[in-house]
Amino acid sequence: MKKSIEIVLFTILVMYLCPFILTRLSDQQNGQALMFILLLCINPIYCLLLGIACGLDWKNCLYYPLFPLIIFVASMYYIFNTFDKAFVIYGLFYFAITLVTMLVTIFIIRRKEKQLQTVLGENDETK
């Protein structure tokens, strides 16, 4: 439970507070450039890291990939006072990044465990 609260708080920090601060403290030209950097670089990197963290403990983190989707769409609605399809598409994109990264991490961990069991099984037979 504590881990999910930490992840929700950090997701709120990245997906809500960063755009909120960018839109309030910068002028229009710099704000747009910073929002592009946030939308195209920082948020996807955060989703990759969240997907890796979810993949390492996937039994307890199955619903974590939904956090970026929900929090991003809600925060964009709150910041810009409009519900645009583009924000939903970005949210789905972030969800897909997180989910695919989680699945790849699970696949890699299971493959390594299987290889380790094979190696340990062969060592037990040779003794």
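Residues numbered from 1 in each chain as written. Predicted model: local features only at pLDDT ≥ 70, side-chain atom pairs only at ≥ 80, totals over all residues. Heavy atoms only, no water.

**Considerations on the overall build of the protein chain**
- The secondary structure content of the protein chain amounts to 4 helices and 0 strands.
- Shown N-terminal to C-terminal, the secondary structure of the protein chain runs as helices and strands in the order α-α-α-α.
- Taking 14 Å as the expected radius of gyration for a compact globule of 127 residues, we find that the protein chain reaches 19 Å, considerably beyond that expectation.
- The proportion of buried residues among the 127 residues of the protein chain is 32%.
- Nonlocal contacts in the protein chain, meaning residues at least 24 apart in sequence, comprise 73% of its contacts between residues at least 6 apart.
- If you average the places of the 10 positive and of the 8 negative side-chain charges in the protein chain, the two averages end up 3 Å apart. (Helix = DSSP H or I, 4+ residues; strand = E, 2+ residues; numbered from the N terminus. Rg over C-alpha atoms; globule rule 2.2 N^0.38 Å. Buried < 20%, exposed > 50% of the residue type's maximum accessible area, 1.4 Å probe, protein only. Contact = heavy atoms within 4.5 Å. Lys, Arg positive; Asp, Glu negative; His and termini not counted. Charge placed at Lys NZ, Arg CZ, Asp CG, Glu CD.)

**Digging into helix α1 (residues 2-25)**
- Between its first and last C-alpha atoms α1 spans 32 Å; for 24 residues at 1.5 Å apiece the expected length is 34 Å, and the two agree.
- At L13, α1 shows its maximal kink, close to 30°.
- Residues of α1 that are buried: S4, I7, T11, V14, M15, Y16, P19 and L22. (Expected span 1.5 Å × (residues − 1). Bend = angle between axes of the 7 residues up to and from the residue.)

**Some thoughts on the nonpolar core**
- Counting 26 residues, the largest nonpolar core has M15 and F72 as its most contacted members.
- Looking at this core, the elements with two or more residues in it are α1, α2 (28-56), α3 (66-80) and α4 (85-126).
- With sequence-adjacent residues up to four places away left out, F72 is seen in contact with M15, L39, N43, F67, F87, Y90, G91 and Y94. (Core = buried A, V, L, I, M, F, W, Y, C linked by side-chain atoms within 4.5 Å.)

**Details of the side chain of N43**
- Tracing the backbone shows N43 in helix α2.
- Contact partners of N43, with chain neighbours within four places excluded, come to V14, M15, L38, F72 and Y94.

**Remarks on a nonpolar patch on the surface**
- Judged by side-chain polarity, I5, L9, F10, I12, L13, L17, I21 and L25 come together as a nonpolar surface patch covering roughly 730 Å² of accessible area.
- Inspection of the secondary structure assignment puts I12 in helix α1.
- According to the relative accessible area criterion, I12 is partly exposed, its value standing at 30%. (Patch = residues over 30% accessible without salt bridge, like charges linked within 9 Å, V, L, I, M, F, W, Y side chains within 5 Å. Areas by Shrake-Rupley, 256 points an atom, 1.4 Å probe, with all protein chains shown as cover. Salt bridge = Lys/Arg side-chain N within 4 Å of Asp/Glu carboxyl O.)

**Looking at the packing of α1 against α2**
- α2 packs onto α1 with a crossing angle of 170° between their chain directions and a minimal axis gap of 9 Å. It follows from the interaxial angle that α1 and α2 lie roughly antiparallel. Across the interface between the two elements, K3, I7, F10, T11, V14, M15, C18, P19, L22 and T23 from α1 touch G31, L34, M35, L38, N43, Y46, C47, L50 and A53 from α2.
- The class makeup of the residues in the contact of α1 with α2 is 14 nonpolar, 4 polar and 1 charged. (Axes fitted to C-alpha atoms, helices over the stretch in contact; angles between N-to-C directions. Parallel < 35°, antiparallel > 145°, perpendicular 65-115°, else oblique. Nonpolar A, V, L, I, M, F, W, Y, C, P; charged D, E, K, R; others polar.)

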